[in-house]
Structures are given as structure tokens and as C-alpha cells.
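Summary of structural features
Okay, here's what each chain looks like letter by letter:
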Amino acid sequence: MSSSDLQAPTSTTIATASAAAARKKPFALRQIIDHVVLIAGSLFMLVPVLMAFFTSSHTDVTVHTNGLQMTFGGHLAENYYEAMLVPGGFTKTVDGMRMLMNSFILGIGFSVGKIIISMLAAYAIVYFQFRFATLAFWAIFTTLLLPLEVRILPSYEIVQGMGLVNTYTGLIVPLIASATGTFFFRQFFKSVPNELIEAARIDGAGPVKFFIDILVPLSKTMIAAIFIIMFVFGWNQYLWPTIMTTDESFFTLVRGIKQILNVFIGAQIPEYGQAMALAIVAMVPPVLVVVIFQSWFVKGLVESDK
Amino acid sequence: MAKVVIDNVRKVYPNGTEALSPSSLSIEDGEFIVLVGPSGCGKSTLLRMIAGLEDITEGTISIGERVVNALDPAERDIAMVFQNYALYPHMSVYKNMAYGLKNRGMPKADIDAAVQKAAKLLHIEEFLARKPSQLSGGQRQRVAMGRAIVRDPALFLFDEPLSNLDAKLRNQMRIEIRKLQRELGVTSIYVTHDQIEAMTMADRIAVLNTGKIEQIGTPAQIYHTPASIFVASFMGAPPMNILDGHYNGNGGLEIKDLGHVAVDHTLEVTGDIQVGIRPENVEIHQAEEPHTIPIKVDFLEELGAGRLLHTTIGNTPFIAHLDNEHQINGETVFAHLPARALHLFDASTGRRV
Amino acid sequence: MIKSQFKSPLFPYLLLLPQLSIVVIFFYWPAAEAIRSSFYLEDPFGFSSTFVGLDNFRDMVSRSDYVATAEFTIIFSVIVTFFSLAIALLLAVTADRVLRGASTYKTLLMWVYAIAPPVAALIGIMMFDTLVGPIAGFFQALGWNYQLGTNRFDTAFAMIVISIWKQVPVNFIFFLSGLQGIPKSVQEAAAIDCASSTRRFWTITFPLLAPTGFFLLIINITYSLFDTFGIIDVVLKGEPGNNPVTLVYKVFLDGFRGNDLGGSSAQSVILMILVLILTVFQFRLIERRVHYN
């Protein structure tokens, strides 16, 4: 029975209408429970971050005596100014802006590098006939097996031996080694209709032209999706930057967290406000990217992990 | 414009399967030839070898006077229309049509003139700025044709171009493609699995089966004198009735479950043969007459322009075509198979005798 | 049909060169080095190393702190995986059902994905802070003398909660897209065949979600083993002291702090084998998933 049948409460249909209302009741109750569950879930996700944000608008003394805050204090600008523009807060030589810049360099450098390198490799694997194709395929895809964490020590030694400690190259390039991007583009290229390459060949497009004129424009959405995921992934790197950068001028925001902790261990009143300010700054860019480009992000995430 | 010669061309895939056994076919300048056959018969493989999308294992293909075996698709002076249109989804209709010309280094003004001319011919001028996704199936089909036309090729290749369209549009496009081809006079090779397309469009048809060309001929030749049982039953709807028979020389033809039929010419073979008759050649009588056999009416299928009478002879399904004037009463009628309408095939080779 | 391919003698190698060289230098070389050094004993100053066969492995499993770490890792992984999957499934099923505000809820439940684990942990340790944290305050009000950083159990509790908090969004996204991938016609057929929505969930929706669930199971185990490094490091403020750590964290501790290259490498090799097993499972599941589609 559709909902329109249930309306029109004339005297003859009152009986049916009340019966419908009786049936509707548990339905409405279930809806209320659903919303309660979702609101509880949303608060579970939201409250800790809101608290961090509100706390970043209070003085350290307030926080120290009254605990974390859920109201807006008057010292927001002050804390963010200290955290972002005054060197020697948590770190001795760099300010938050420098770390913010480094985070962008890592996030963008990593995602762009990864997209270029993996697109080229996937293009070779899908669209070319050559002798060691299978070997190359396996050589690249075996890297999906071992996360950086389990080979961290020798990786560090090799990069150190190459003199790449405290360089952007050393920070970014080794992270590109895994094949997630290549795998993703391979899947996508395989889904591109075969007839397109045939039409292009008849139209006189060689390998380079086909790549630039047809394949790259076709992959635009995919590139955007993978860029978002890789940007967030790169921005959020912690272990590798922690061991690769000892020079503070190369610190990223996420890496800088560790320096905040050092201050916490000290005996004085910790600089809660500044710490929370820096944490908020460290999460805003990736969160914005994910929220604004949500549909691309979800698509990329779900497809790439297949 | 060019003559196309396919000389003993063979295709073997790396895994050893032979997609096409050595086949030869000579296509005249301006001719519209249709390669027809069931899926997997090798027709697409042959077309793709002509296009240069597949390597030729053996034999030579020449377009015009040039052997093209070693040439890239782009150098063969051909244009191809694909089943899924294969339009570049990110380019406008205009750019789709211009892309091949641009790659050839044609001056911008000439490209524009060619695209406008083709667009006018196909009535797609108003869509030139649109993306393929904004077009209907029929419009995309036209754009795919347009992309082929602008190249002004020596040879058009069509790979089942109408199979994604609905029935009505397919009939319409069939006629349009043929008209256009006559106007342009470009030699064309058209691949389809649809025998109606083959019959209605072709100057000549090549029927393929299991990697072999079974018969080459005009639609009338293919229909009226099929060279094999395969051709006889593949071409024509409803298909030709095929019955088992035996020939013992001197005009003595026995059809299984039907009895003796007189044939006026002597056959070269004796022994088991297969007898074919098209549904429209079966004569149905209400009452018993000389040389008729009683048959039971299982089912009458209304076509509007006539009716099909379904029955079985022995265990073999059998169909007769009836005109609208032809009245049927009762469950049993009498069929006559005129000797001149019988197609006789060697039972062991399947070839016409 | 076989993909139409270009034939070019050198071009594909050129295309592969950047990826392959990075993979060889930063992946195969260190991985081989890890395996090699797991069989060697290096003196503390790094001047010489001796081949010791499987001694590092034998030494490793006989040490009580390694066994304790392994035990904790298992408990940690099981709890984190179970709760982050269960919470995410509940939220995804509910979010898939509501009519109003579905997209708002979706955004609110997934955005935490973008927060880096150590940043999440920084906020977490503030929430659990013995002095200023509201959660610790709440526990203390209930009579639980919650002490982050000094009490083993209390520290582990915070690690687990933060790890779950960080992982729920990923699972939520996958479950929700899995649910939305169930054809509407199937749901409608189920609605006609089965009146009880709870029963419908367990007999129709849940089995259809199983492939996504299995896949996420592997993802979550991998997450709790490896990606929680940042959380653990921040919760411990870099100084584990008496507190529990996971296997990956121990590799890092022994390698970088303890300078025990052989021992750390042997632990790495064990983890490699673990990941290998998980990946084999994952690939088999992917194949299954392909069949489902």
C-alpha cells in the first residue's frame, strides 16, 4: 500500500487510516532509534576534535586548572600565532608555518610523484607487448606485500648511505616504492574499452599521442581520486619522516607532534593551547580535501583497495 | 577508392588456435561486401587483419595496389566504424571527427571544411559541440560514421556497427549507410552476424563458418543456390527445412518419413543426402492430391504478412510459409515439395550436389 | 578478447624505469638486507658482523619480553579489529536505512579518516590525560583511579580506544558502499519474502556483505599491526617504560634505540612472513569478490 492510499481521512476510511497509524508507529520508533544511533556515532567522531579546537582557544593555565574545554575562550589568535609564527615554541628553530609548508611539500610531492610514476608503469604493463612484462608486473606488485614498517631499519640505512637524510628527496621518494597507485591505474586502464585504442591507432595516434590525447584525459576522475587519497596518505606519514628528518627545518606538522610531546614531559605547565592549535592545523588540510571531494575520495578508496 | 585483394590469408593466435584458415577474397572498387557468420567464425578477425589491428600469420592483403601487411593501421588509408562506436568520451563530436586529420598534420582550415561537410551529410551539424555522452545511440552511430567519412579513405570497415541499436533504428541506419556508401562510392567491408543485414545491404556476401569462407556471392545467389547446408540454414528466416534422404540414381530420391520424390536431373552422388526446402516453397493443400504427404498442424504462427505452419516430420521440425489467403481447416493438411525447389546436399561433406 | 597492444622495443622499458628503479632501491634492497642481517650478529659499534644462522630467531622467541609483546599484539589486534568492524557495521547499516540526513551523517562519520594517527593520538592522550582529560576525570569519578602512562592496563586501554576511533571511518566507508552495492531489486525481493527487518538483515544483507567483511578483516588486522605505530608512539610519548607495545613498535625500538640490528631484523622477517600470509588470504578473497560480481 502506498502512502497516498493512507491519506484522505474521510469517514469511510477512518478505520483504515487508524490501522495504518498503528502500523506506522513501530516504523517511526525505529527511525528515531536509527537517528539516535547515528547522532551518537557522529558525536563519538566529532567531540574529541571539537574539544581540541575549543581548548586551543584557552590559556594554558585555564586548561591546567580546569581541564579540556568545551566552550570558546578568548585566546584563539594568541595560541595560533604562537604555534604558527613564533619559532622556538616546541621546536627550537622552526615555526608552524615552516612545518605546514613541509607538510604540503610531502603531501603534494608524494601524490604527484606517485601518480606520474604509477601511471607510466601501468601504461607499459597494460598497453604494451614486451618480453619481461610478466616479470615487471610481479616485481612491482610484490611490493604490495611488505609495508614500510617491516623494512624500516635497512631502508633508513640505505637512504642514509645515499646521503638523503634531511632532504625532500629522501623524505618523499622511498615512500613511492609501493605499488598501490600502479595497481589502481592498471585496473582502470584494463576497464577502458579496447576499441578506443584501436580507433586511436586508425586515427594515427602512436603510444605517446594515445597516452597524452586519450588516456590521460580519460583518467581525469581517477587521477583526482587517487590524488586525494595519496595526498592524505602522504600528509599523514609519521614513521618515515620521524627517522628521516632530524633537521627541524624539514619537519612536517605530523612529525612535529613528537616535539610537542617532549614539551609535555617537562615539569612546567604544558603549552596545551599551542599543542592543540598545531594539532588542528595538522588536520585541517587533509580533512578539508576529504570532505570537499568526498565522492571522488570514496570512489578512489573503495576501488583502489579491490 | 580501391580494389582489395585478400590472398590466402591465415590467422593463428599465439596459443595455437586457428581463427582463420587460408582464405581468399577479391573485392571490387566501390563494392559493398558483407562478411557474415556466427560468432567465432573468423569474420571479425579477418576485418581486423585488414584494418591492421591484428597481425597476419600467412598470406597477403592489398588495398589498391599496395600490399599492406607491414603497414600501421593509420597508414592503410582506411576508416573503421566500431560496434561500440569507440568515440573518445572526453572530446566533443567535432574533435572526435577531427582527431585523425589532426594527427595527419592536415591544415586547420581543411580539417574544418572536411568536418563540416561530413556533419552536413550526416545531419549532425547541431551536435558538433556536444560530448558523446550527451547523444543518443543513433546520434553516436552517426558521429562514428562521420569520423570515418572525414578521413576520405580508400576503404570503409564496419564491425557490427548496428548491433547496439534498437530494431527500428537499425532498419533505418541500414538504409542510410548503404545510401551513403553509394553516394561516396567507397569500397566497404561490413561485418555482421545478422543475416538480414547481410541480405539487404550487400553487393556480395561472404559467409564464414569455423574460420573458413563457405560461399561468396550476391544475396540472390546465396539465397537461391546455397553452397552448403551451413549457408542454407544460416541465411534466411525462418531457416531452410533440412530433411534426411537417400538417392539411388536414376531420379529415385527417398526422403525419410516422407517417401519418394521425383527429381528431373541426375545427381553425381548416390547414397545418403540431405534435402533442403525453404518454407515459402512448400505447397500446402487442404485435400489430398497427387504427390502430397499428410502432415499434422502443430501450431500456426501469425506474422501479419502471412503465417508459419509448424510441424514435425519424423523428429525433425518443419516449417511451411502460408499466404494470408490460404485457409487452414482441421488438424491435418497435405504438403507437396516441388522437385525444382529442393536443395540437395552431400550428407557427409555438407556441400551442394 | 586480448587487449590491443602497442609494439615498441624500448618504450615500455622506458615507462617502467622510474617505478622499477624506486622499487629495487627502496624496496627489494632493504627487504633483502633485512633478511640477510637477521642471520648475522653485529657488534654494538657496527664494525663487524658474524654469521650466526638462526640464533637471532632462537634468541628472540626465548626472550620473555618478545613473547609478552607478541601476546599483547594479538590481544590488541583482536580487540581493535572486532570493535572497529562492529561499530562501523552498525553505523553503516543504520546510515544506509535512514531517509533524512543520510549524506550529512555519512560525512560526519567518515571525515576522521583524514586525521593522521599521531594527531588522533595527541588528542586522545589529552582526553585520557590523568590531570586535564575528561575521560580520565569520568573514570576517576566512577572510582577507577585511571592513570595514563603509569598503569599498563590504563595505557593499553587508551591505545585501543584511539585506534578504534581512527579506524571506524574506513570500515564505515567500505561497509556503506558494500551495502549500496546490493541491487535494489534484491532488497525489494527480500522485503516481499520476509517481513521482519532483523531477520532480513541476518539472512540477506549480512551474507551479501560477507565478502566486504572478509576483505575488511584483513585490512583491519594489517592496520592494527602496522598503521597503529603513530598512535602507540604518541601515547607512549616515545618512552615505553613499563607499558605494552606491539611487535612493529618493538622492531623500531630494538633497531633504532637498542641498536640490536640482528634481533630487530629477525623480528622484521617474522612480520614479513605474517604479512605474506595475510596477503595470500587477501588475494584469494579478491578472486572470490570478482566471482561475486
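Values in this document were obtained by computation on a predicted structure and should not be read as measured data.

Remarks on the overall build of chain A
The helix and strand inventory of chain A stands at 16 helices and one strand. Of all 306 residues assigned to chain A, the portion counted as buried reaches 56%. Per element, the accessible surface of chain A, about 12,600 Å² overall, is 68% carbon and sulfur.

Section: helix α10 (residues 194-202) of chain A
Because each turn of an α-helix spans 3.6 residues, side chains separated by three or four positions in sequence point in the same direction. In terms of burial, α10 of chain A is a largely internal element, nine of the nine residues being buried. Taken residue by residue, α10 of chain A has N194, E195, L196, I197, E198, A199, A200, R201 and I202 of chain A as its buried positions. Lining the buried residues of α10 of chain A we find α5 (96-127) and α11 (207-218) of chain A, α1 (43-51), β6 (78-81) and α4 (137-150) of chain B together with β1 (6-7) of chain C. Looking one or two residues beyond α10 of chain A, the residue adopting positive phi is G204 of chain A, at roughly 85 degrees.

Here's the deal with the packing of helix α12 (residues 220-235) of chain A against helix α15 (residues 272-292) of chain A
All names here are of chain A. The N-to-C vectors of α12 and α15 enclose an angle of 170 degrees; their axes lie 9 Å apart at closest approach. It follows from the interaxial angle that α12 and α15 lie roughly antiparallel. In this structure, α12 meets α15 at a crossing whose hand is left-handed. Facing I228, F231, V232 and W235 of α12, the residues of α15 in contact are V281, A282, P285, P286, V289 and V290. Taken together, the residues of the contact of α12 with α15 break down into ten nonpolar, no polar and no charged.

Some remarks on a positive patch on the surface
Residues K209 and K220 of chain A together with K95, K102, K108 and K131 of chain B make up a contiguous surface patch of positive charge. One can find K220 of chain A in helix α12.

Regarding the packing of aromatic side chains
Enumeration according to the criterion identifies 60 aromatic pairs over all chains in this entry. Ring centres of Y123 of chain A and Y127 of chain A lie 5.5 Å apart, and the angle between their planes is 50 degrees; this geometry places the pair in the tilted category. Separated by four residues within a single helix, Y123 of chain A and Y127 of chain A lie in helix α5, roughly one turn from each other. Between Y40 of chain C and F51 of chain C the ring centres are 5.4 Å apart and the planes differ by 75 degrees, which places this aromatic pair in the edge-to-face class. Of this pair, Y40 of chain C sits in strand β2 (residues 40-42) while F51 of chain C is found in strand β3 (residues 49-51), placing the two residues eleven residues apart along the sequence.

Some words on the sheet that holds strand β19 (residues 316-322) of chain B
Residue and element names in this part refer to chain B. Reading across the sheet, the three strands line up as β17-β18-β19 and stay open at both edges, with antiparallel pairing between neighbours. The open sheet terminates on both sides in strands that have one partner only, identified here as β17 (299-302) and β19. Ignoring which end each strand starts from, the neighbouring axes of this sheet average 25 degrees apart.

As for α1 of chain B
Residues and elements named next belong to chain B. Counting buried positions along α1 gives eight out of nine residues, so the element sits mostly inside the fold. Turning to α1, its buried residues are K43, T45, L46, L47, R48, M49, I50 and A51. Following α1 by one or two positions, G52 adopts a phi angle in the positive range, close to 95 degrees.

Re the domain arrangement of chain A
Residues and elements named next belong to chain A. Looking at the assigned domains, one finds that chain A contains domain 1 (4-80) and domain 2 (95-304). The partner domain 2 presents eleven residues to the twelve residues of domain 1 that form the contact. Across the domain 1/domain 2 interface, buried area totals approximately 990 Å², and carbon plus sulfur atoms make up 80% of it. Contact with domain 2 buries area across many residues of domain 1, yet D60, H64 and Y80 alone supply 45% of it, more than any other trio. Counting across the interface, domain 1 meets domain 2 through zero salt bridges. Where domain 1 touches domain 2, the interface holds two residue pairs in polar contact (both at pLDDT 80 or more). Looking at the side of domain 1 that touches domain 2, the elements that each hand over two or more residues are α2 (14-55), α3 (60-66) and α4 (76-85). Per-class residue counts for the side of domain 1 that touches domain 2 are six nonpolar, five polar and one charged.

With respect to the packing of helix α6 (residues 133-141) of chain A against helix α1 (residues 11-37) of chain C
Interaxial distance between α6 of chain A and α1 of chain C falls to 10 Å at its minimum, and their mutual angle equals 45 degrees. With respect to their mutual orientation, α6 of chain A and α1 of chain C come out oblique. Between α6 of chain A and α1 of chain C lies a crossing of left-handed hand. Contacts between α6 of chain A and α1 of chain C involve A136, W138, A139 and I140 of chain A from the former and L16, Q19, L20, V23 and Y28 of chain C from the latter.

As for the nonpolar core
Note that soluble globular proteins tend to have their nonpolar side chains buried in a common cluster. Membership of the largest hydrophobic core comes to 223 residues, with the highest contact counts inside it found for Y123, Y127, F189 and F297 of chain A together with I115 of chain C. Looking at which element gives the most residues to this core, the answer is helix α7 (residues 152-180) of chain C, with 15 residues. Two domains each donate at least three residues to this core, and these are domain 1 (4-80) and domain 2 (95-304) of chain A.

A few points about the interface of chain A and chain C
On the chain C side, the residues contacting the 104 residues of chain A number 88 residues. Summed over both sides, the interface between chain A and chain C buries roughly 9,200 Å², with carbon and sulfur atoms accounting for 77% of that surface. Remark: the boundary between chain A and chain C carries one salt bridge. The interface formed by chain A and chain C holds 13 residue pairs in polar contact (both at pLDDT 80 or more) in total. No other element matches the 16 residues that α2 of chain A contributes to the side of chain A that touches chain C. When the residues that make up the side of chain A that touches chain C are grouped by side-chain class, the tally is 75 nonpolar, 17 polar and twelve charged.

With respect to the sheet that holds strand β8 (residues 187-192) of chain B
Strands belonging to one sheet form pairs held by backbone hydrogen bonds; the direction of such a pair is parallel or antiparallel. Residue and element names in this part refer to chain B. Pairing is mixed in the open sheet, where six strands are placed in the order β6-β7-β8-β3-β9-β10. Every other strand in the sheet has two partners, leaving β6 and β10 (212-217) as the edge strands with one partner each. Neighbour-to-neighbour, the strand axes of this sheet turn through a mean angle of 15 degrees, independent of strand direction. Relative to strand β7 (residues 155-159), β6 runs parallel, the two sharing four bridges. Bridged to A79 within β7 is F156. Along the sheet, α4 contacts β6 and β7; its crossing angle with β6, the most-contacted strand, is approximately 175 degrees.

Here is what the cut-offs are and how they apply
Residues numbered from 1 in each chain as written. Chains lettered and ligands numbered in written order. Predicted model: local features only at pLDDT ≥ 70, side-chain atom pairs only at ≥ 80, totals over all residues. Heavy atoms only, no water. Helix = DSSP H or I, 4+ residues; strand = E, 2+ residues; numbered from the N terminus. Buried < 20%, exposed > 50% of the residue type's maximum accessible area, 1.4 Å probe, protein only. Areas by Shrake-Rupley, 256 points an atom, 1.4 Å probe, with all protein chains shown as cover. Contact = heavy atoms within 4.5 Å. Axes fitted to C-alpha atoms, helices over the stretch in contact; angles between N-to-C directions. Parallel < 35°, antiparallel > 145°, perpendicular 65-115°, else oblique. Left-handed = near helix turned anticlockwise from the far one by under 90°. Nonpolar A, V, L, I, M, F, W, Y, C, P; charged D, E, K, R; others polar. Patch = residues over 30% accessible without salt bridge, like charges linked within 9 Å, V, L, I, M, F, W, Y side chains within 5 Å. Salt bridge = Lys/Arg side-chain N within 4 Å of Asp/Glu carboxyl O. Lys, Arg positive; Asp, Glu negative; His and termini not counted. Charge placed at Lys NZ, Arg CZ, Asp CG, Glu CD. Phe/Tyr/Trp six-rings, centres within 6.5 Å; stacked < 30°, edge-to-face > 60°. Pairing = 2+ DSSP bridges. Domains from an automatic or database assignment. Buried area = accessible area lost by both parts, 1.4 Å probe. Polar contact = N/O pair within 3.5 Å; in protein donor to acceptor, adjacent residues only side chain to side chain. Core = buried A, V, L, I, M, F, W, Y, C linked by side-chain atoms within 4.5 Å.

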